[in-house]
Amino acid sequence: MIDDRIPMTRQGYEKLKAEIDYLRNEVMLEAEKRVAAARAEGDLRENAEYHAARESLALIQQKLAQLYEKLRRAYIVEVEETPADVVAMGRKVVLRDLDTDELDVYILVGLGEENYREGKILVSSPLAQAILGKRKGDQVSFQAPKGIIRLEIVDVQPADQD
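Anyway, here's the lowdown on the structure attached to this text. These numbers come from a predicted model, not from an experiment. (Residues numbered from 1 in each chain as written. Predicted model: local features only at pLDDT ≥ 70, side-chain atom pairs only at ≥ 80, totals over all residues. Heavy atoms only, no water.)

### Let's talk about the overall build of the protein
And step 1. The number of helices and strands found in the protein is three helices and seven strands.
And step 2. The order of α-helices and β-strands along the protein, N terminus first, is β-α-α-β-β-β-β-α-β-β.
And step 3. What you see for the protein is a C-alpha radius of gyration of 22 Å, clearly larger than the 15 Å of a compact globule of 162 residues, by over 25%.
And step 4. Across the 162 residues in the protein, those meeting the buried criterion constitute 35%.
And step 5. Of the roughly 10400 Å² that the protein leaves accessible, carbon and sulfur atoms contribute 50%.
And step 6. For the protein, the centre of its 24 positive side-chain charges and the centre of its 31 negative side-chain charges are spaced 2 Å apart. (Helix = DSSP H or I, 4+ residues; strand = E, 2+ residues; numbered from the N terminus. Rg over C-alpha atoms; globule rule 2.2 N^0.38 Å. Buried < 20%, exposed > 50% of the residue type's maximum accessible area, 1.4 Å probe, protein only. Areas by Shrake-Rupley, 256 points an atom, 1.4 Å probe, with all protein chains shown as cover. Lys, Arg positive; Asp, Glu negative; His and termini not counted. Charge placed at Lys NZ, Arg CZ, Asp CG, Glu CD.)

Here it is as structure tokens:
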């Protein structure tokens, strides 16, 4: 289904692959060693270390399965394919609140790349959906939990540019 695809920047995709690699080749191997060491201690029915190690291993396997599923559903959005002055995933956008005159800077990113402290917001968020495809000077409004938000797009630039 096309709706279950997950848009990502190339950086987000590479980050996801690196996390899978780290979990599979380092964390998982260490957890398997703990299980083997605990198993070697004898009676498994009353071996708390063995049960804790197995539970830890199961959690790592579950996390890996989730990450593999994300990777399977991922598609890379190439920022370069969009005109430079258009709000798109992977772009830094400067917005002015038309009611308060405050400026905010956001970078539109894919699932797993979001970091609200750094201003990285999901491309699927209501704010991002309201500004996608718009250009510098455009005004938009959207419904937020605190009411209607009215914004002007002050600038659009590559995310790695300051």
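Picking up where we left off.
### Let's talk about the layout of surface pockets
And step 1. Looking at the largest pocket, its volume works out to about 540 Å³.
And step 2. For the largest pocket, the lining is made up of 26 residues, of which Thr9, Gln11, Val79, Gly90 and Ala159 are closest to its centre.
And step 3. Those elements that provide at least two residues to the lining of the largest pocket are helix H1 (10-39), strand S4 (103-109) and strand S7 (147-158).
And step 4. The residue makeup of the lining of the largest pocket, split by class, is nine nonpolar, seven polar and 10 charged. (1 Å grid on protein atoms, 1.4 Å probe; cavity = no way out; pocket = protein on both sides within 12 Å on 5 of 7 lines; lining within 4 Å. Points joined across faces, edges and corners; volume = space filled by probe spheres on them. Nonpolar A, V, L, I, M, F, W, Y, C, P; charged D, E, K, R; others polar.)

### What about unusual backbone geometry?
Negative phi values dominate among residues other than glycine, just as trans dominates among peptide bonds.
And step 1. Positive phi outside glycine occurs at Asp101, with the angle close to 65°.
And step 2. Overall, Asp101 belongs to the exposed group, its relative accessible area being 52%.

### Some points on the packing of H1 against helix H2 (residues 48-73)
And step 1. One can describe the packing of H1 onto H2 by two numbers: an axis separation of 9 Å at closest approach and a directional angle of 160°. With respect to H2, the axis of H1 lies roughly antiparallel. The handedness of the crossing between H1 and H2 comes out as left-handed.
And step 2. Of the residues assigned to the contact of H1 with H2, the class counts are 17 nonpolar, two polar and 10 charged. (Axes fitted to C-alpha atoms, helices over the stretch in contact; angles between N-to-C directions. Parallel < 35°, antiparallel > 145°, perpendicular 65-115°, else oblique. Left-handed = near helix turned anticlockwise from the far one by under 90°.)

### Notes on the pairing of strand S6 (residues 139-144)
And step 1. The alternating pattern of S6 places Val140, Phe142 and Ala144 on a buried face and Gln139, Ser141 and Gln143 on a face that is not buried.
And step 2. Bridge analysis of S6 against S7 gives six bridges, and the strand direction is antiparallel. Of the residues in S7, the one forming a bridge with Val140 is Leu151. (Pairing = 2+ DSSP bridges.)

### Description of the nonpolar core
And step 1. By size, the foremost hydrophobic cluster in this structure holds 18 residues, and its most contacted members are Leu108 and Ile131.
And step 2. Elements with a minimum of two residues in this core: strand S3 (91-97), helix H3 (126-131), S6 and S7.
And step 3. The residues contacting Ile131, other than those within four sequence positions of it, are Val87, Val93, Leu95, Leu108, Val140 and Ile153.
And step 4. Core analysis: the second largest hydrophobic core is formed by 17 residues, Ile20, Ile60, Leu64 and Ala74 among them. (Core = buried A, V, L, I, M, F, W, Y, C linked by side-chain atoms within 4.5 Å. Contact = heavy atoms within 4.5 Å.)

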